[in-house]
Amino acid sequence: MARKNLIAGNWKMNATHLESIQMVQKLSYRLDIADYDRVDVVVCPPFTALRSVQTVIEADRLSLKLGAQNVDPHESGAFTGEISPHMLSKLAVQFVIVGHSERRQLFGETDEVVNAKVKAVLAAGMTPILCVGETGDEREAGDAETRVRDQVTAGLADVDPDSVGSIVIAYEPIWAIGTGKTATADDAGAMCGLVRSTVAESVSGTAAEFVRVLYGGSMNPGNVAGLMAKKDIDGGLVGGASLDPDTFASVVRYWV
Ligand code: PGA
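Here is a short report on the structure shown in this document. Because the structure is a prediction, the values reported are computed rather than measured.

Let us now look at the sheet that holds strand E7 (residues 212–216). Sheet strands associate in pairs through backbone hydrogen bonding, adopting either a parallel or an antiparallel arrangement. Read around the closed barrel, eight strands run E1-E2-E3-E4-E5-E6-E7-E8, paired in parallel fashion. In this sheet, adjacent strand axes meet at a mean angle of 25 degrees when their direction is disregarded. Strand direction decides the pairing type here: strand E2 (residues 39–44) and strand E3 (residues 65–68), joined by two bridges, are parallel. Pairing of Val-43 across the sheet is with Leu-66, part of E3. Helix H8 (residues 144–155) contacts strand E5 (127–132) and strand E6 (168–171) of the sheet and is inclined by roughly 155 degrees relative to E5.

Okay, here's the thing in structure tokens:
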């Protein structure tokens, strides 16, 4: 079965709402229908820019899809400073990054919290982009496979098996994020294959066939084509290279 490629820009804590409007407008000038037919293009601006970006997408009838970088797993209530899945879905957010390594490392998100977020995002009718990946030390110790397998299994625990095929999983080796170091295409392809086989073992073969697996970690216009050539890599989660619309458009149009 043919999985549609997906390239998502994770803007992290960059861009005001005004800058974000300019960024999506510029990006939209660089992409056309043929690009969107081939790739789902997602932008994940900060919370404060979601409404502005959504308005541009709607007004200009862009085929860009909107994503958020995080969410709280609760429905509502006394959670000062948090944003609920329902609030995001009302803004036409379709994708939510869950369990990014920065959230895990800097904000103490455990596998249990990540799993609760995956379920909450699905329950609100959106698609989680579940992030997994090993540290440099884990890789050197030969533990990368075990770590990633455990994160995938824990992230998907008790998720309705029929929903798993619609999920996106991003394999992002932590040592490659924002460092300019990329995993080789062969290593990245093998690890994305491991993510897929873990879904097959822990959920079902059908889910594994449908689930989209992304690579993330210093993806850029120079390395994207090699990575995308791997059969188990269905796209990318792009940080630094998504902040410049020209550069991000070149990543999206990786076959050109
Ligand atoms: P990077 O970030 O492309 O800047 O390495 C990727 C990510 O953190 O999702």
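Counted residue by residue, E5 has six buried out of six residues, so it is predominantly covered. The alternating pattern of E5 places Thr-127, Ile-129 and Cys-131 on one face and Pro-128, Leu-130 and Val-132 on the opposite face, and all of these are buried. Examined bridge by bridge, strand E4 (residues 95–98) and E5 share four bridges and lie parallel to one another. Paired with Val-98 across the bridge in E5 is Leu-130. As paired strands, E5 and E6 are joined by four bridges and run parallel to one another. When the bridges of E6 are listed, Val-132 appears paired with Tyr-171.

For strand E1 (residues 5–10), the tally of buried residues reaches six of six residues, placing the bulk of the element in the interior. On E1, burial covers both faces: Asn-5, Ile-7 and Gly-9 on one face and Leu-6, Ala-8 and Asn-10 on the other are all buried. Here E1 pairs with E2 via six bridges, running parallel. Looking at E2, one finds that Ile-7 is bridged to Val-41. Here E1 pairs with strand E8 (residues 235–238) via four bridges, running parallel.

Right, let's talk about the site of the ligand for a bit. Residues in contact with the ligand amount to 13 residues; listed here are only the nearest, Lys-12, His-100, Glu-172, Gly-178 and Ser-218. Here an oxygen atom of the ligand and a side-chain polar atom of Glu-172 are 2.7 Å apart. The contact in question runs from an oxygen atom of the ligand to an N or O atom on the backbone of Gly-239, over 2.8 Å. In isolation the ligand has 290 Å² of accessible area, and contact with the protein removes 95% of it. When grouped by side-chain class, the residues that make up the shell around the ligand number four nonpolar, seven polar and two charged.

Turning next to the pattern of salt bridges. Going through the model one piece at a time under the given rule, you end up with 15 salt bridges. When the shortest N-O distance is used, the salt bridge between Lys-12 and Glu-102 registers 2.8 Å. Taken together, the residues Lys-12 in the loop between E1 and helix H1 (17–30) and Glu-102 in helix H5 (residues 101–106) connect sequence positions 90 residues apart. On the basis of relative accessibility, which here comes to 21%, the residue Lys-12 falls in the partly exposed class. Arg-212 is paired through a salt bridge with Asp-40; the nearest N and O atoms lie 2.8 Å apart. Note that Arg-212 is positioned in strand E7 and Asp-40 in strand E2, a separation of 172 residues in sequence. For the pair formed by Arg-212 and Asp-40, the shared burial category is buried.

Here the focus is the packing of aromatic side chains. Two aromatic rings are characterised by how far apart their centres lie and by the angle between their planes. Scanning the entire structure with this criterion turns up two aromatic pairs. The interplanar angle of 55 degrees and the centroid separation of 6.3 Å between the aromatic rings of Tyr-171 and Tyr-215 together place this pair among those described as tilted. Note that Tyr-171 is positioned in strand E6 and Tyr-215 in strand E7, a separation of 44 residues in sequence. Both residues of the pair, Tyr-171 and Tyr-215, belong to the buried class.

What counts and how
Residues numbered from 1 in each chain as written. Predicted model: local features only at pLDDT ≥ 70, side-chain atom pairs only at ≥ 80, totals over all residues. Heavy atoms only, no water. Pairing = 2+ DSSP bridges. Helix = DSSP H or I, 4+ residues; strand = E, 2+ residues; numbered from the N terminus. Axes fitted to C-alpha atoms, helices over the stretch in contact; angles between N-to-C directions. Contact = heavy atoms within 4.5 Å. Buried < 20%, exposed > 50% of the residue type's maximum accessible area, 1.4 Å probe, protein only. Near = heavy atom within 4 Å. Polar contact = N/O pair within 3.5 Å; in protein donor to acceptor, adjacent residues only side chain to side chain. Areas by Shrake-Rupley, 256 points an atom, 1.4 Å probe, with all protein chains shown as cover. Nonpolar A, V, L, I, M, F, W, Y, C, P; charged D, E, K, R; others polar. Salt bridge = Lys/Arg side-chain N within 4 Å of Asp/Glu carboxyl O. Phe/Tyr/Trp six-rings, centres within 6.5 Å; stacked < 30°, edge-to-face > 60°.

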